[in-house]
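Understanding the architecture of this molecule
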Amino acid sequence: MKMHVISKSRSLVTCLFCAAVSALAACSSAQQPPSGTSAAADAEFAAIARRYLDEMLTLTPVRATELGDHRFDQMLDEVDAAAQERRVQLARELLDELKAVDFARLSRASQVDARLLARELEYEIWNIETLAEWRRNPLIYTSLTGRSIYSLLARDFAPLPERLRNAGARLEQLPRLLAQARSALDPARVPRIHAETALQQNNGVLTLIDEVIVPRLDVLSGEDRQRLERAIETAREAVAAHQSWLKEQLLPRAAGDFRLGAELYDAKLRFALDSSLSRQEIRERAQSELERVRGEMYEIARTVLRGKPGAPAMPDKPSAEQQQAAIAAALELAYAERPAREEVFETARLSLEQATRFVRERDFITVYDDPLEIIPMPEFQRGVALAYCDPPGPLDRGQTTFYAVSPIPDDWTDEQVRSFLREYNTRSIHNLTIHEAMPGHHLQLAHANRYESPLRAVLASGPFIEGWAVYAEEVMSEQGYLDGDPLMRLIQLKWYLRSIANAILDQAVHVDGISREQAMELMVRDTFQEEREAAGKWVRAQLTSAQLPTYFVGAQEHFELREETKRRWGDEFTLKRYHDTVLSFGSPPVRYVRALMFDLPIE
């Protein structure tokens, strides 16, 4: 399917960025400030925020492109030690400027944004100086090379010839970037799993070149085309040289520990979640929810298996083994209903139509008509997940969101296909559509984009966004999606178990030293994931940290906020009023939404 997006000139997109940063002051004055606030304080903060958006994005051109700031589309990041120091210096300067602002005199909206900015700047400094991810993680650089090209060519924010010329300019700079990466990385700090994965991923940018640049070469002519062709060859040589270094130099000497340890992990978790929940509280809640959800799944199993030949024993008070057997048997009923390997995309398309129609009919949230297109997943992105939501950058207003769905690879065996579609069966595809698109990520971000604070959009909270998508799955179940089908509820709860397992696994890996066998037991037995799915998650847990808990923690905060709102609003509570209000503040951490909703101190 061809990706259809709105075409814009470069000048218009640049104007969008200028309008966005100037809106920082306007969005504060557009709201009625509480007594005692100062327009001068808001203006002072807005100037700091504008400097952050301007200067920090100048230092990170690829991120700027992804966010929708296209002033630097022809540039590639500097990643050496000097560049890291420049980012730290800017962060310290901005923090000093923030300290001079009287927070108490800011409007409430600016108080939230100021705290978000302070937290981001503190994280920037900590990440560079203490965690030093840029010295231990080669995946930063393999990801950066691919994103630098994909972000230019995925959407028609400017004429294609211009975007191709910018892609060529970035390819010309690839030798410098990869040389800086090699000088930055310290093999003694690099975990072996990171080196192995970088070796596997490094050539991905070549696949991207062949898929999205080479087929479009005819768009250019003359010197422009010749320059791009030369840039492609330069990039191929640079990637090959880096591949040799990864294999011959980095991998044999990689001696770092992928586990962060308690001190680093707890610090990173605080930055990543911006939540009042500690690591220990997250673990306790997750363990409690694991038991509760399995209990509910057992009761559903008793319903759907009752009277079926060969059904396992299902007493009122089951043993652990009896509970396990019953839930597994019930899930087999859901696994049996799955699309043929060539029908996955069509199944997802129909599920999007059905979910959208259901949300509109039930009217429990405002549905905006922002452009959303379901597309086949680009080939270089395939092999990890069945689907993902690919929204435009928050500064790229009016662009299309892609709900990307992967077809089954042609070279997969029948057994690989069977295992994959057991996990991603027909009802799972419905649940994925809910999470990624309707009323999950796409609809939430459509609401968020209507909040006029570019800074808040750039500093969006992962737990708020991922937590909302998990919460949306629960809401659709509560509303009786698929006519209240108990097997749909069973699958939705299985996916919720996955988010619970994510939260447990992340800290178990990085703090508790859990083994692969123990991790697989948690995922395969306790939360009913397919073996291949669990094996991939084990690798992900080694490669990342503090991201896997965002789904569970964010969902818990959304669930709690709704219950508190019911108590506070009483008879005036409606689901639509609640949802529209929660999503009206952009995507800040849930605790700030709570403070704004109930006129509480911004702490």
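Everything quoted here is computed from the prediction, not taken from an experiment.

Comments concerning the sheet that holds strand β2 (residues 387–390)
With mixed pairing, three strands are arranged side by side in an open sheet as β1-β3-β2. The open sheet has two free edges, formed respectively by β1 (372–376) and β2, since each of these has just one partner strand. Each neighbouring strand pair of the sheet contributes to a mean axis angle of 20 degrees, computed without reference to strand direction. Inspection of the sheet shows β1 paired to strand β3 (residues 401–405) by five bridges, in the parallel sense. Each residue of the ladder has a partner; that of Ile-374, found in β3, is Tyr-403. Those strands touched by helix α16 (residues 344–362) are β1 and β3, and its axis lies near 170 degrees from that of β1.

Points about the packing of aromatic side chains
Evaluation of the coordinates by the stated rule reveals twelve aromatic pairs. Between Tyr-123 and Phe-271 the ring centres are 5.0 Å apart and the planes differ by 25 degrees, which places this aromatic pair in the stacked class. Separated by 148 residues along the polypeptide, Tyr-123 in helix α5 (residues 108–131) and Phe-271 in helix α13 (residues 262–273) bring together distant segments of the chain. Aromatic rings pair up to connect Trp-412, Phe-420, Tyr-424 and Trp-495 into one cluster. The side chain of Arg-163 reaches across the aromatic face of Phe-157, ending 5.8 Å from its centre. Residue placement shows Arg-577 over the ring face of Trp-569; its charged tip is 3.6 Å from the ring centre.

Some points on the confidence of the model for the protein
Regions with low pLDDT carry predicted coordinates that are not meant to be interpreted in detail. Considering every residue of the protein, the mean pLDDT works out to 92; 93% of them sit at 70 or more. Here residues 1–35 scores under 50 on pLDDT; set against residues more than four positions off or in separate chains, the count is 79 contacts.

Each value, and the rule that gives it
Residues numbered from 1 in each chain as written. Predicted model: local features only at pLDDT ≥ 70, side-chain atom pairs only at ≥ 80, totals over all residues. Heavy atoms only, no water. Pairing = 2+ DSSP bridges. Helix = DSSP H or I, 4+ residues; strand = E, 2+ residues; numbered from the N terminus. Axes fitted to C-alpha atoms, helices over the stretch in contact; angles between N-to-C directions. Contact = heavy atoms within 4.5 Å. Phe/Tyr/Trp six-rings, centres within 6.5 Å; stacked < 30°, edge-to-face > 60°. Lys NZ or Arg CZ within 6 Å of the ring centre and 35° of its normal. pLDDT = per-residue confidence, 0-100.

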